[in-house]
Amino acid sequence: LEASSEKADLGEINFSLCYLPTAGRLTATIIKATNLKAMDLTGFSDPYVKASLICEGRRLKKRKTSIKKNTLNPTYNEALVFDIPNENMDHVSLTIAVMDYDCIGHNEVIGMCRVGSDADMQGREHWNEMLANPRKPIEHWHQLVEEKALNSFMTKSPPPRDKPSIVVDNTQSD
């Protein structure tokens with residue numbers, strides 16, 4: 001109980017995932033976010049959502065929603081589309097970051113979540129449900145976590161691969 005009360009409440013995000021295997025198209029529809037952390041002096045934030053397609057730790061593509069001014073409960077209803085061939089779906093994940101737009105200085109991360117076959121429990125469940133129901137939007141709420149909490153999860157050692165690694169020992173000299 002103590003650990004959960006220490007964790008910063010950054011808010012939640014609601015989005016649906018829909019995959020069309022024949023077209024190789026993943027659509028993440030960002031619906032809304034609630035109870036976001038205030039990032040501006042006004043007590044509000046100017047949130048937008050940035051979705052990044054990740055493969056083996058590298059960002060391949062990113063998409064963004066519009067910016068909603070002065071709110072902690074934005075509604076987007078915006079579709080972010082990624083082209084992913086069916087055979088690559090096991091190797092990719094999506095990082096969903098709720099960002100605070102600032103006209104001066106840097107945009108700040110309010111909170112993040114991750115969905116994919118290598119994500120944690122809730123993110124993996126959402127991904128697997130989407131894959132099990134092709135062409136059908138699957139909607140879930142996700143708790144936002146701090147960027148460093150998500151990054152520490154991402155830097156854990158990758159799962160063992162089926163293919164053995166080939167090590168070439170070239171100690172002989174001519």
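Residues numbered from 1 in each chain as written. Predicted model: local features only at pLDDT ≥ 70, side-chain atom pairs only at ≥ 80, totals over all residues. Heavy atoms only, no water.

Undergrad: I tried to follow the nonpolar core on my own but got confused; where do I start?
TA: The nonpolar side chains of a soluble globular protein tend to be buried, and buried together. The biggest cluster of nonpolar side chains holds 31 residues, and the ones touching the most others in it are Ile-13, Leu-94 and Ile-96. Elements that contribute at least two residues to this core include exactly β1 (12–20), β2 (25–34), β3 (47–55), β5 (75–83), β6 (92–100), β7 (108–116) and α2 (121–132). Not counting residues up to four positions away in its chain, the partners in contact with Ile-96 are Ile-13, Phe-15, Ile-30, Val-49, Lys-50, Ala-51, Gly-111, Met-112 and Cys-113. Listed in part, the five residues of the second largest apolar core include Tyr-48, Ala-97, Met-99 and Leu-150. (Core = buried A, V, L, I, M, F, W, Y, C linked by side-chain atoms within 4.5 Å. Buried < 20%, exposed > 50% of the residue type's maximum accessible area, 1.4 Å probe, protein only. Helix = DSSP H or I, 4+ residues; strand = E, 2+ residues; numbered from the N terminus. Contact = heavy atoms within 4.5 Å.)

Undergrad: Mind showing me how you'd approach the sheet that holds β7 here?
TA: Within a sheet, each strand pairs with its neighbour through backbone hydrogen bonds, oriented either parallel or antiparallel. With antiparallel pairing, the four strands of this open sheet are ordered in space as β4-β3-β6-β7. Unpaired on one side and paired on the other, β4 (58–64) and β7 mark the two borders of the sheet. Within this sheet the neighbouring strands show an average axis-to-axis angle of 25°, counted without direction. Across six bridges, the pairing between β3 and β4 is antiparallel. Considered in β4, the bridge of Ile-54 is made with Arg-59. The strands that α2 touches are β6 and β7; relative to β7, the one it contacts most, it runs at about 50°. (Pairing = 2+ DSSP bridges. Axes fitted to C-alpha atoms, helices over the stretch in contact; angles between N-to-C directions.)

Undergrad: I would appreciate a short explanation of unusual backbone geometry in the present structure.
TA: Trans peptide bonds make up the majority, and among non-glycine residues the majority have a negative phi. With a phi close to 50°, Glu-56 is a non-glycine residue in the positive phi region. For Glu-56, the position within the fold is in the loop between β3 and β4. Although it is not a glycine, Asn-77 adopts a positive phi angle of roughly 50°. One can find Asn-77 in strand β5. The exposure class of Asn-77 is exposed, given its relative accessible area of 53%.

Undergrad: So what exactly am I meant to see when it comes to the environment of Asp-46 here?
TA: Relative to the helices and strands, Asp-46 is located in the loop between β2 and β3. Considering only alpha carbons, one finds Asp-46 and Pro-74, 28 residues apart in sequence, at a separation of 8.9 Å. Beyond its immediate sequence surroundings of up to four residues, Asp-46 is in contact with Asp-40, Ile-67, Lys-68, Lys-69, Asn-70, Met-99, Asp-100 and Tyr-101. A distance of 2.9 Å separates a polar atom in the side chain of Asp-46 from the backbone nitrogen of Asn-70. (Polar contact = N/O pair within 3.5 Å; in protein donor to acceptor, adjacent residues only side chain to side chain.)

Undergrad: When you look at the pairing of β1 in this model, what are you seeing that I'm missing?
TA: Side-chain direction in a regular strand flips from residue to residue, so the side chains alternate between the two faces of the sheet. Here β1 lies mainly inside the structure; seven of its nine residues are buried. In this structure, β1 lies alongside β2, joined through nine bridges in antiparallel fashion. The partner of Ser-16 across the bridge, within β2, is Thr-29. Here β1 hands over to β2 after four residues, with Gly-24 in that stretch at a positive phi of 65°.

Undergrad: What exactly am I supposed to notice about the confidence of the model for the protein chain here?
TA: If pLDDT is low for a region, its predicted coordinates should not be looked at in detail. Overall, the prediction assigns the protein chain a mean pLDDT of 87, with 82% of residues at 70 or greater. Below a pLDDT of 50 lies the segment residues 1–6, which in the model reaches zero contacts outside its immediate sequence neighbourhood of four places, other chains included. Confidence drops under a pLDDT of 50 for residues 156–168, and excluding neighbours within four residues, the segment shows one contact in the predicted structure. (pLDDT = per-residue confidence, 0-100.)

Undergrad: In this structure, what is going on with the pairing of β3? I would like to understand it.
TA: Burial within β3 is extensive, with nine of its nine residues counted as buried. Along β3, one buried face is formed by Pro-47, Val-49, Ala-51, Leu-53 and Cys-55 and the opposite face, lined by Tyr-48, Lys-50, Ser-52 and Ile-54, is buried too. Alignment of β3 against β6, held across nine bridges, turns out to be antiparallel. Note that in β6 the partner of Val-49 across the bridge is Val-98. Counting the residues that bridge the hairpin from β3 to β4 gives two residues, and of these Glu-56 lies at a positive phi of roughly 50°.

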